[in-house]
Amino acid sequence: MQYSTIFTIAFAAMAAAAPAQLAERQVPVCSGTTAQCCATDVLNLADLNCATPPSTPTNTTEFIDICSNIGQQAKCCLLPVLGQALVCSDVTPA
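Note that this is a predicted model, so its numbers are computed, not measured. Residue indices begin from 1 for each chain and proceed along its sequence in written order. Whole-chain, interface and lining totals are the exception, using all residues; otherwise, since this is a predicted model, local features are given only for residues with pLDDT of at least 70 and side-chain atom pairs are given and counted only at 80 or more. No hydrogens and no water enter the side-chain calculation; it runs on all heavy atoms of the structure.

Focus: a nonpolar patch on the surface
Part 1 of the reasoning: Taken together, Val42, Leu43, Leu45, Leu48, Leu78, Leu79, Val81, Leu82, Leu86 and Val87 make up a surface patch of nonpolar side chains, about 1000 Å² in accessible area.
Part 2 of the reasoning: Segments assigned H or I by DSSP are reported as helices when at least four residues long, segments assigned E as strands when at least two residues long, and all are numbered from the N terminus. With respect to the element layout, leucine 48 can be found in strand E3 (residues 46–48). Residues qualify for a patch when their relative accessible area is over 30% and they have no salt bridge, like charges being joined within 9 Å and the nonpolar side chains of Val, Leu, Ile, Met, Phe, Trp and Tyr within 5 Å. For the accessible areas, the method is Shrake-Rupley and the probe is 1.4 Å, while residue cover comes only from the protein chains on display. The salt bridge definition used is simple: a Lys or Arg side-chain nitrogen within 4 Å of an Asp or Glu carboxyl oxygen.

Some details on unusual backbone geometry
Part 1 of the reasoning: Residue asparagine 49 is not a glycine yet carries a positive backbone phi of 55°.
Part 2 of the reasoning: Checked against the element boundaries, asparagine 49 lands in the loop between E3 and helix H2 (60–69).
Part 3 of the reasoning: Of note, the phi angle at valine 87 is positive, near 55°, even though the residue is not glycine.
Part 4 of the reasoning: Examined against the element boundaries, valine 87 turns out to sit in strand E5 (residues 84–90).

Some points on the sheet that holds strand E2 (residues 40–42)
Part 1 of the reasoning: The criterion for strand pairing is that DSSP finds at least two bridges linking the strands in question. Spatial strand order, E1-E4-E5-E3-E2: five strands in an open sheet with antiparallel pairing. Lying at the two open borders of the sheet, with one neighbouring strand each, are strand E1 (34–38) and E2. Across this sheet, the average inter-strand angle for adjacent strands is 50°, counted without regard to direction.
Part 2 of the reasoning: Bridge analysis of E3 against E5 gives two bridges, and the strand direction is antiparallel. Looking at E5, one finds that aspartate 47 is bridged to alanine 85. Axes, fitted as lines to C-alpha atoms, cover a helix only where it is in contact. Angles between the N-to-C directions of the axes lie from 0 to 180 degrees.

Re the pairing of E1
Part 1 of the reasoning: Note on classification: 1.4 Å probe, protein chains only; a residue is buried when its accessible area is under 20% of the maximum for its type, exposed when over 50%, partly exposed between these limits. Of all five residues that make up E1, four are buried, and the element is covered over most of its length.
Part 2 of the reasoning: Pairing geometry for E1 and strand E4 (residues 73–81), over five bridges, is antiparallel. Bridged to alanine 35 within E4 is cysteine 76.

Thoughts on the environment of cysteine 37
Part 1 of the reasoning: Locating cysteine 37 in the fold gives a position in strand E1.
Part 2 of the reasoning: In this structure the C-alpha to C-alpha distance between cysteine 37 and cysteine 67, which are 30 residues apart in sequence, comes to 5.3 Å.
Part 3 of the reasoning: Contact partners of cysteine 37, with chain neighbours within four places excluded, come to Asn49, Cys50, Ala51, Pro53, Phe63, Cys67, Ile70, Gln72 and Gln73. Any pair of residues with heavy atoms lying within 4.5 Å of one another is described as a contacting pair.

Structural notes on the side chain of threonine 60
Part 1 of the reasoning: Positionally, threonine 60 belongs in helix H2.
Part 2 of the reasoning: Not counting the four nearest positions on each side in its chain, threonine 60 is found in contact with Val29, Val91, Thr92, Pro93 and Ala94.

Following this line, the structure appears as structure tokens:
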């Protein structure tokens, strides 16, 4: 009887601690849009030669750095399709 009580308390403590650890890693860089590294911007409407960042950024500053290291611009795009992206916005450092 005591073992089941101890087990239940220990399991509840582990479950309560897990969401806090996951929340830090899962903060989205582009809320509601897709993170893209793009080479050319056309009137802030379409972007050319876009791709997903080669590594997963954890914040906006890291996202900008990842894209600039490969010679591209960090963008948050609504509709990325086949290396092109529509309705993109610039990413500003936090």
